Amino acid sequence: MPSTSSEPTTWGSTDIVHGALRGTVAAMSMGGLRVLSTSLGLLEKTPPEMITSEQAPNLVRNLSDEARDSFIVLLHWGYGAMGGALFGALPARIRRRPGAGPAFGLALWLAFELGLSPALGLQPARRRSTGERLALAADHLLYGAVLSELRSTPQR
């Protein structure tokens, strides 16, 4: 019996690739907000900067400032693409819920703060100021909003 729903019941590689592309663009958007946050003094170091300054191999730490900054940006875009691909792999019924993208963005931030950061031995999150926490929450909300395309799926 054919389905009466126009929503697909399975996801495919197209959703994952589309998610990865949206994740890259979302990470680029975050970068812009982070420039503002750091220039306003709300954020001392971004998570990619923390990783590269505290845990990167000497090869990365010994790069020129410009090359290291470019590496950090590319690292963040790659992480954003992986997050987007993960979001794209979620069932459509979850991805299309209002607020799913921003909630996913916050979940990624919490996964970094509570999982990846301690595993890498980075500066503990408890040392962050309220302003830093708000700035990081804001840019992850933006990431998720861009990831979910800020719109509902058009009706066919």
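Scoring rules and cut-offs
Residues numbered from 1 in each chain as written. Predicted model: local features only at pLDDT ≥ 70, side-chain atom pairs only at ≥ 80, totals over all residues. Heavy atoms only, no water. Helix = DSSP H or I, 4+ residues; strand = E, 2+ residues; numbered from the N terminus. Contact = heavy atoms within 4.5 Å. Areas by Shrake-Rupley, 256 points an atom, 1.4 Å probe, with all protein chains shown as cover. Buried < 20%, exposed > 50% of the residue type's maximum accessible area, 1.4 Å probe, protein only. Core = buried A, V, L, I, M, F, W, Y, C linked by side-chain atoms within 4.5 Å. Axes fitted to C-alpha atoms, helices over the stretch in contact; angles between N-to-C directions. Parallel < 35°, antiparallel > 145°, perpendicular 65-115°, else oblique. Left-handed = near helix turned anticlockwise from the far one by under 90°. Nonpolar A, V, L, I, M, F, W, Y, C, P; charged D, E, K, R; others polar. Salt bridge = Lys/Arg side-chain N within 4 Å of Asp/Glu carboxyl O.

Peer 1: Mind showing me how you'd approach the overall build of the protein chain here?
Peer 2: Summing up its helical and strand segments, the protein chain has seven helices and zero strands in all. Secondary structure elements of the protein chain, listed N to C terminal, follow the sequence α-α-α-α-α-α-α. Across the protein chain, every contact between residues at least 6 apart in sequence was considered, and the portion connecting residues at least 24 apart equals 75%. Carbon and sulfur atoms make up 63% of the accessible area of the protein chain, which totals about 9500 Å².

Peer 1: Would you mind going over the environment of Ser13 with me for this structure?
Peer 2: Counting through the fold element by element, Ser13 comes out in helix α1 (residues 13-39). A relative accessible area of 55% places Ser13 in the exposed class. Distance in space between the C-alpha atoms of Ser13 and Ala85 is 9.3 Å, their sequence separation being 72 residues.

Peer 1: What is the right way to read the nonpolar core from this model?
Peer 2: Note on soluble globular proteins: their nonpolar side chains tend to be buried together. Of all hydrophobic cores here, the largest spans nine residues; its members are Ala26, Met30, Phe87, Ala100, Phe104, Leu108, Tyr143, Val146 and Leu147. Breaking this core down by element, the ones donating at least two residues are α1, α6 (100-120) and α7 (130-147).

Peer 1: Please explain the side chain of Arg34 as it appears in this structure.
Peer 2: Relative to the elements of secondary structure, Arg34 occurs in helix α1. With relative accessibility at 6%, the residue Arg34 sits in the buried group. Filtering out sequence-adjacent residues up to four positions away, Arg34 remains in contact with Leu43, Thr46, Pro47, Pro48, His76, Leu136, Asp139 and His140.

Peer 1: Hey, could you run me through the environment of Val25 in this one?
Peer 2: Tracing the backbone through its elements, the reader meets Val25 in helix α1. Classification of Val25 as partly exposed rests on a relative accessible area of 44%.

Peer 1: Explain the packing of α1 against α7 to me, please; I cannot follow it from the model alone.
Peer 2: A pair of packed helices can be characterised by two numbers: the angle between their axes and the separation between those axes. Taken N-terminus to C-terminus, the directions of α1 and α7 make an angle of 150 degrees; their axes are 8 Å apart at the nearest point. Taken together, the axes of α1 and α7 are roughly antiparallel relative to one another. In this structure, the crossing between α1 and α7 has a hand that is right-handed. Contacts from Gly19, Arg22, Gly23, Val25, Ala26, Ala27, Ser29, Met30, Leu33, Arg34 and Ser37 in α1 reach Ala135, Leu136, Ala138, Asp139, His140, Leu142, Tyr143, Val146 and Leu147 in α7. The residue inventory of the contact of α1 with α7, partitioned by class, reads twelve nonpolar, five polar and three charged.

Peer 1: What should I look at first to understand the pattern of salt bridges in this one?
Peer 2: Think of it this way: side chains of opposite charge can pair up when their charged atoms draw near. For the structure on display, the rule yields three salt bridges. Of the charged contacts, one joins Arg95 and Asp15 as a salt bridge, the two residues approaching to 3.7 Å between their closest N and O atoms. With a gap of 80 residues between them, Arg95 in helix α5 (residues 92-95) and Asp15 in helix α1 connect regions that are remote in the sequence. Arg68 is the partner of Asp65 in a salt bridge, and the nearest nitrogen-oxygen pair spans 2.6 Å. In this pair, Asp65 and Arg68 are both assigned in helix α4 (residues 65-89), three residues apart and thus about one turn of the helix distant. With relative accessibility at 48%, the residue Asp65 sits in the partly exposed group.

Everything listed is a geometric property; what it means functionally is a separate question.
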